[in-house]
Structure formats: C-alpha cells, structure tokens
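# Architecture at a glance
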Amino acid sequence: MKCIKVLMVAAAILTSSISVSAQWAGGLIRAGYSPYTLKDDSSINASGVMAGFSMANYVSSSVPVYADYGVDIHYAWKEYSFSGEKMKLNFLTAVIPVNIGYQFDVNDSPLSFRPYAGLAAGLNILANAKCDGESANFFDTYGESDDHWKRFQLGVQVGIKVIIKDMLTIGYEYRPFVTEAAESLKTSYNTFFIGVPLRF
C-alpha cells in the first residue's frame, strides 16, 4: 500500500497548489502501443497496448504550468514456442499517474507542446504464464524460489504531448517502475499514444 499512500500525498500537494480559480487545461482519452520490458539478468520485451484518460488544470492563470492526473490500463503479452509447445505470458496493470507539465504554444501554428514528468502508482492485476493448457500464477510463485509477483509498484514517468488544433493529441511516454515487480526484476513501459479531448 506504500505506493498508493505516496501517490495520494503527491496528489494532495499538487491539488492544494491549484487555486479555486485555476483554469481547466483539458481532459484526454487516449490509447496506444505500449511495449513492456522486464529486466533482471536478462531482458524480456513484451508487446502491449494501453488505454486511459487524464484531466488537467493550470496551476495558475498567469503561467502555462499544469497538473494532470488520471488512470491508465496496460495489457502486455509475450508468446514463446518450445519443442512444439506454445507458452504465453500475460500482464495486466492499472496505473494512477500524477504529473506536472508546461505548455509551449507555437505562434501562428495549430500546435502546442506539453512536456511533463511525475509519479505513478501501479496495481498489478494479472501476471501469469500459460502453457499446454496449464497456467502458473506469478502472484503465488515466480522463478525458482519462494518469491512472488508484487501487487503494488511505484514508478515515475516522463513524456510529451503534441496537441493539434485542440482536437487531436499524439505523444510518447516512458514509465519505469522504481520498485521491483519481483525479486531483482525491474519493469517499464514505453508508450506511443494518440488521444482526443475529454469534454464535459
């Protein structure tokens, strides 16, 4: 639960810094390609997809600094073939990100750029391997020891959004988790996404 508590503190600090009159900076529904990397002594690169939403407010009406927060769902998979038998790894993670960013508007251009960085709390929902009709749950055991997959991870992220005419957003985000998924196992996402405005 430490990850959730850390993120709640960060969110409280950010939201308390936003005045009541702070300007709405927009919401975003996004989806994209999100490869998942698992690294210990070796490295596994899994295919992945992501979908989520975020909401943002400018910290002040006088400067283009904004805070955003939301929810992302990542699903990743990796397939192997050994001696004619197929094995598939499956991972499902919900992530709550909290970011601070800056908006750069280009004069006489429909483009705006929003670089950002922040914290992320990850909830690992699914982590298993399936082979020949049998399934192994990594939350019960992982590797050759009594180690198991952890439910919660704390991460960070850096990224950039390119907003086109306030109608379409494309972007890239790198999200490494600073706490381990299992003993000596680090994980991260590289996400390329496209989004549309979330309007109320």
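Above this note sits the structure.
Now for a look at the structure at hand. (Residues numbered from 1 in each chain as written. Predicted model: local features only at pLDDT ≥ 70, side-chain atom pairs only at ≥ 80, totals over all residues. Heavy atoms only, no water.)

### Points about the overall build of the chain
To keep it simple, the criterion reads: Secondary structure counts use DSSP, requiring at least four H or I residues in a row for a helix and at least two E residues in a row for a strand, with both numbered from the N terminus. Relative accessible area decides the class of each residue, using a 1.4 Å probe on protein chains only: under 20% of the type maximum gives buried, over 50% gives exposed, and in between gives partly exposed. In this description, contact between two residues means that some pair of their heavy atoms is separated by no more than 4.5 Å.
Across its full length, the chain holds one helix and 11 strands. Mapped from its N terminus to its C terminus, the chain presents α and β elements in the order α-β-β-β-β-β-β-β-β-β-β-β. Split into buried and exposed, the 200 residues of the chain put 42% on the buried side. In the chain, the proportion of contacts linking residues at least 24 apart, taken out of those at least 6 apart, comes to 62%.

### Concerning the pattern of salt bridges
Selection rule: Every case where a carboxyl oxygen of Asp or Glu lies within 4 Å of a side-chain nitrogen of Lys or Arg is listed as a salt bridge.
Under the criterion given, the structure shown has five salt bridges. The salt bridge partner of Arg30 is Glu173, with a shortest N-O separation of 3.5 Å. Of this pair, Arg30 sits in strand β1 (residues 24–33) while Glu173 is found in strand β10 (residues 168–176), placing the two residues 143 residues apart along the sequence. Classification of Arg30 by relative accessible area gives buried; the value is 7%. Judged by relative accessible area, which is 3%, Glu173 ranks as buried. With its nearest N and O atoms 3.1 Å apart, the salt bridge here joins Arg175 to Asp72. Of this pair, Arg175 sits in strand β10 while Asp72 sits in strand β4 (residues 65–82); the two residues are 103 residues apart in sequence, bridging distant segments of the chain. Looking at Arg175, the relative accessible area reads 1%, which means it is buried. The class for Asp72 is buried, based on a relative accessible area of 1%. Salt bridges sharing common partners tie together Arg30, Asp72, Glu173 and Arg175.

### Here's the deal with the packing of aromatic side chains
Going by this rule: Note on ring pairs: Phe, Tyr and Trp rings are taken, using the six-membered ring of Trp, and paired if centres are within 6.5 Å. Classes follow the plane angle, with under 30 degrees stacked, over 60 edge-to-face and the rest tilted. Charge-over-ring placement is defined geometrically: NZ (Lys) or CZ (Arg) within 6 Å of the ring centre, and within 35 degrees of the ring normal.
According to the stated counting rule, one finds nine aromatic pairs in the structure shown. Feature note: the residues Tyr36, Phe91, Phe138, Trp149, Phe177 and Tyr189 constitute an aromatic cluster, connected by ring pairs. When the ring centre of Tyr80 is taken as origin, the NZ or CZ atom of Lys78, which lies over that ring, is 5.8 Å away. For the cation-ring pair, Lys161 lies above Tyr116, with the distance from its terminal atom to the ring centre recorded as 5.3 Å.

Function-wise, these values are silent; they only describe arrangement.
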